[in-house]
Amino acid sequence: MLKIGIVGLPNVGKSTLFNALTRADVLVANYPFATIDPSVGIVTVPDERLDALAALSKSEKTIPAVIEFVDIAGLVAGASEGEGLGNKFLSNIREVDAILHMVRFFEDADITHVHGDVDPVRDIEVINLELILADQQSVKNRREKLVREVKQNNKESVAEDEALAKVEKVLEAGKMARLAELTSEELFRIKSLSLLTLKPILYSLNGKSGGTIDDDRREKVHALIESTGSKYVHVDANTERELNDVSSEDQELFRAELGVEVNGLTELIRGAYETLGLITFFTTGPKETRAWTITEGATAPEAGAAIHNDFKDKFIRAEIVSTTALLADGSWSAARDKGDLRTEGKTYVFQDGDVAVFLHS
């Protein structure tokens, strides 16, 4: 299951977004550290293709892909050194696949800002620095433990230390560890450290109807995020939270009235998939239609492993048809007759929206 940790300064809308995503009821308060313990929520991934395939197959069950979100308390300057419960909360996101960095993107005199004024660029830099400093400490501690084995010329330890030295140099320059030029082998050697700045980061710019910040600050924030190689999405967490209580039929009408052009939660989840390089494939039949999440570039056996390891180890072939073609053709047999259904082998690279049947020994 995909796991994403939500970070940000206090009072930027993390818990409001978490509530909107999970339809939960986490404490939302106008002071730092309102959320003391990490909250975990399982969120289904919206995908119109899934429902369409389920209707086509008259499936008894429809099973969407899911994402696990971990909401932690607001970080502050000095968190890497323990300020404001920082170490405790940083440790809570060590094991996530990606980080969702929530940034306040609105003016509201009634909601206190921990720094007194709204400056998204500064806020991003504060959090990024804390993540960098936390990783610096982790790298330093690990290298100190490797000293003896490196002196003994232990091959594995020397290789790990060399990779860590590359990372340490980048961190000392105030940059994210993912900007270090590491080989896949080097990344594997330091994987156990779960460095925060090696993780993909998606920035959620939390605006507010009638209170979104000016164009100048908007451009500066976009430029900063793009310079790190990350992605961003705009979301109005408060509106999305309020829309939880509105029927799906009426939501678009309310969005139009509030001036919210897109479904921010859907855009956020799509952004998470893009950030992590993920795609979706489907299986469908009378019993169930199900969405499966795999890494972009996965081969047929690797995609099969998402269902069961035997599908990878004992893979023979897969029957593949795109969702678009299957829905247009109207049935599996019609897709076969029209030549839209293909038989693919071990080297086939799955595409987003593929519908598959796996054959294995």
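Residues numbered from 1 in each chain as written. Predicted model: local features only at pLDDT ≥ 70, side-chain atom pairs only at ≥ 80, totals over all residues. Heavy atoms only, no water.

Volume-wise, the largest pocket comes out at about 1000 Å³. Elements that contribute at least two residues to the lining of the largest pocket include exactly helix H1 (14–22), strand S2 (39–44), helix H2 (48–57), helix H8 (237–243), helix H9 (248–258), helix H10 (264–276) and strand S8 (278–284). Tallying contributions element by element places H10 first for the lining of the largest pocket, with six residues. A breakdown of the residues in the lining of the largest pocket according to their chemical character gives 15 nonpolar, eight polar and twelve charged. (1 Å grid on protein atoms, 1.4 Å probe; cavity = no way out; pocket = protein on both sides within 12 Å on 5 of 7 lines; lining within 4 Å. Points joined across faces, edges and corners; volume = space filled by probe spheres on them. Helix = DSSP H or I, 4+ residues; strand = E, 2+ residues; numbered from the N terminus. Nonpolar A, V, L, I, M, F, W, Y, C, P; charged D, E, K, R; others polar.)

What follows deals with the packing of helix H4 (residues 120–151) against helix H5 (residues 155–172). Working note: a packed helix pair is described by the angle between its axes plus the distance between those axes. In contact at an axis separation of 9 Å, H4 and H5 are set at 150° when each is read in the N-to-C sense. Accordingly, the angle class assigned to the pair H4 and H5 is roughly antiparallel. At the point where H4 passes H5, the crossing takes the left-handed sense. Residues Ile 132, Asp 135, Gln 136, Val 139, Lys 140, Arg 142, Arg 143, Leu 146, Glu 149 and Val 150 of H4 pack against Ser 157, Val 158, Glu 160, Asp 161, Leu 164, Ala 165, Val 167, Glu 168, Leu 171 and Glu 172 of H5. Tallied by class, the residues present in the contact of H4 with H5 amount to nine nonpolar, two polar and nine charged. (Axes fitted to C-alpha atoms, helices over the stretch in contact; angles between N-to-C directions. Parallel < 35°, antiparallel > 145°, perpendicular 65-115°, else oblique. Left-handed = near helix turned anticlockwise from the far one by under 90°. Contact = heavy atoms within 4.5 Å.)

Of the strand pairs in this sheet, strand S3 (residues 61–63) and strand S9 (residues 288–295) are connected by three bridges, and their pairing is parallel. Residue pairing across strands places Ile 63 opposite Arg 290, the latter belonging to S9. Relative to S9, S8 is paired through seven bridges, and the arrangement is antiparallel. Opposite Phe 281, over in S9, you have Trp 292 as the bridge partner. Turn length for the S8-S9 hairpin, with the two strands adjacent in sequence and antiparallel, is three residues. (Pairing = 2+ DSSP bridges.)

So, about empty space enclosed by the protein. Counted by the stated rule, this structure contains one cavity of 30 Å³ or more. Approximately 50 Å³ is the volume attributed to the largest cavity. Elements with a minimum of two residues in the lining of the largest cavity: strand S5 (98–104), strand S6 (201–206) and H10. Split into classes, the residues belonging to the lining of the largest cavity amount to ten nonpolar, one polar and no charged.

A separate point is H10. Helix length check: H10 (13 residues) gives 18 Å between terminal C-alpha atoms against 18 Å at 1.5 Å per residue, within 8%. Counting buried positions along H10 yields ten of 13 residues, so the element is predominantly enclosed. Among all positions in H10, only Gly 264, Leu 265, Thr 266, Leu 268, Ile 269, Gly 271, Ala 272, Tyr 273, Thr 275 and Leu 276 are buried. Once H10 finishes, Gly 277 follows within two positions and takes phi at roughly 65°, a positive value. (Expected span 1.5 Å × (residues − 1). Buried < 20%, exposed > 50% of the residue type's maximum accessible area, 1.4 Å probe, protein only.)

As enumerated under the stated definition, the model contains 16 salt bridges in all. In this structure, Glu 156 engages Arg 189 in a salt bridge whose closest nitrogen and oxygen atoms are separated by 2.5 Å. Here Arg 189 lies in helix H6 (residues 184–189) and Glu 156 lies in helix H5, a separation of 33 residues in the sequence. In this structure, Glu 344 and Arg 342 form a salt bridge, with 2.9 Å as the shortest nitrogen-oxygen distance. One salt-bridge network, held together by shared partners, links Asp 47, Arg 49 and Asp 352. (Salt bridge = Lys/Arg side-chain N within 4 Å of Asp/Glu carboxyl O.)

Look at Lys 58: it is not a glycine, yet its phi comes out positive at around 50°. Checked against the element boundaries, Lys 58 lands in the loop between H2 and S3. The exposure class of Lys 58 is exposed, given its relative accessible area of 69%. Of note, Asn 153 is a non-glycine position whose phi angle comes to about 60°, a positive value. Tracing the chain through its elements places Asn 153 in the loop between H4 and H5.

All right, on to the confidence of the model for the chain then. Taken residue by residue, the chain gives an average pLDDT of 84. The fraction at 70 or more is 87%. Helix H3 (residues 86–92) is the least confidently modelled element of the chain, averaging 58 in pLDDT, while helix H13 (residues 323–329) averages 97, the highest of any element. When the criterion is pLDDT under 50, residues 25–36 qualifies, and its contacts beyond four places in sequence or with other chains add up to 32 contacts. (pLDDT = per-residue confidence, 0-100.)

If you walk across this open sheet you meet the six strands as S2-S4-S1-S5-S6-S7, and the pairing is mixed. Two strands close off the open sheet at either side, each with one partner strand: S2 and strand S7 (231–235). On average, each strand axis in the sheet is inclined to that of its neighbour by 25°, with strand direction left out of account. Taken together, the six bridges between S2 and strand S4 (residues 66–71) define a ladder with antiparallel strand orientation. The residue of S4 that forms the bridge with Ile 42 is Glu 68.

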